[in-house]
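In case you want the letters, here they are:
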Amino acid sequence: MGISEAETPVHQHALTLKADDLEILLVSFLEEILYCVETGREATDEIVFETIDTCSLNAALTCRPVLDIAKEIKAVTYHGLEIHQSGDSYETVIVFDV
């Protein structure tokens, strides 16, 4: 999105999500971040996942006020969504509607 953030103030935002599967969880997570940008004019540059599995997550987001957005994202989509597990990590392909 090319977001410019203010240095301060910084605050923590707790996020808890549950979903039926990993794909829905990922899209829901990204929609929450997009919602923070669009409505609260806040962006996160640090996310600490306290717990995460294939159907739920708890995370702490460090948020800062948005100064400028170079490219708006309209929506997070399921189109072309792919999630692949590789050992202990995951790789994903996701499409955003811009």
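A quick note: this is a predicted structure, and the numbers were derived from the prediction, not measured.

Procedures and definitions
Residues numbered from 1 in each chain as written. Predicted model: local features only at pLDDT ≥ 70, side-chain atom pairs only at ≥ 80, totals over all residues. Heavy atoms only, no water. Helix = DSSP H or I, 4+ residues; strand = E, 2+ residues; numbered from the N terminus. Buried < 20%, exposed > 50% of the residue type's maximum accessible area, 1.4 Å probe, protein only. Contact = heavy atoms within 4.5 Å. Salt bridge = Lys/Arg side-chain N within 4 Å of Asp/Glu carboxyl O. Patch = residues over 30% accessible without salt bridge, like charges linked within 9 Å, V, L, I, M, F, W, Y side chains within 5 Å. Areas by Shrake-Rupley, 256 points an atom, 1.4 Å probe, with all protein chains shown as cover. 1 Å grid on protein atoms, 1.4 Å probe; cavity = no way out; pocket = protein on both sides within 12 Å on 5 of 7 lines; lining within 4 Å. Points joined across faces, edges and corners; volume = space filled by probe spheres on them. Nonpolar A, V, L, I, M, F, W, Y, C, P; charged D, E, K, R; others polar.

1. Overview of the environment of Thr62
Relative to the elements of secondary structure, Thr62 occurs in strand β4 (residues 56-69). Given the relative accessible area of 6%, Thr62 is considered buried. Along the sequence, Thr62 and Gln12 sit 50 residues apart, while their C-alpha atoms lie 4.8 Å from each other. Other than its neighbours up to four places away in sequence, Thr62 contacts Val10, His11, Gln12, Ala43, Thr44, Asp45 and Glu46.

2. Concerning the pattern of salt bridges
It is possible for side chains of opposite charge to pair when their charged atoms get near one another. One pass over the full model with this rule turns up two salt bridges. In this structure, Arg64 and Glu5 form a salt bridge, with 3.7 Å as the shortest nitrogen-oxygen distance. Taken together, the residues span a long stretch of sequence, with Arg64 in strand β4 and Glu5 in strand β1 (residues 3-5) at a distance of 59 residues. Put simply, Asp45 and Arg64 hold a salt bridge, and the shortest N to O gap is 3.3 Å. Placement of Asp45 in strand β3 (residues 42-52) and of Arg64 in strand β4 is noted, with a sequence separation of 19 residues between them. Taking relative accessible area as the criterion, Arg64 reaches 18% and is therefore assigned buried. Put simply, Glu5, Asp45 and Arg64 are held in one network by salt bridges that share partners.

3. Concerning a nonpolar patch on the surface
A grouping of Ile47, Phe49 and Ile52 is seen on the molecular surface, where their side chains present a nonpolar patch of about 260 Å² in accessible area. By the secondary structure assignment, Ile52 is in strand β3.

4. Concerning the layout of surface pockets
To find the voids left in a structure, one rolls a probe of water-molecule size over its atoms. If you add up the space inside the largest pocket, you get close to 270 Å³. Taken together, Leu22, Leu25, Leu26, Phe29, Phe49, Ile52, Asp53, Thr54, Leu57, Ile83, Tyr90 and Thr92 make up the lining of the largest pocket. For the lining of the largest pocket, the secondary structure elements donating two or more residues are α1 (22-40), β3 and β7 (89-93). Broken down by element, the lining of the largest pocket gets its largest block of residues, four residues, from α1. Of the residues contributing to the lining of the largest pocket, the split by class is nine nonpolar, two polar and one charged.

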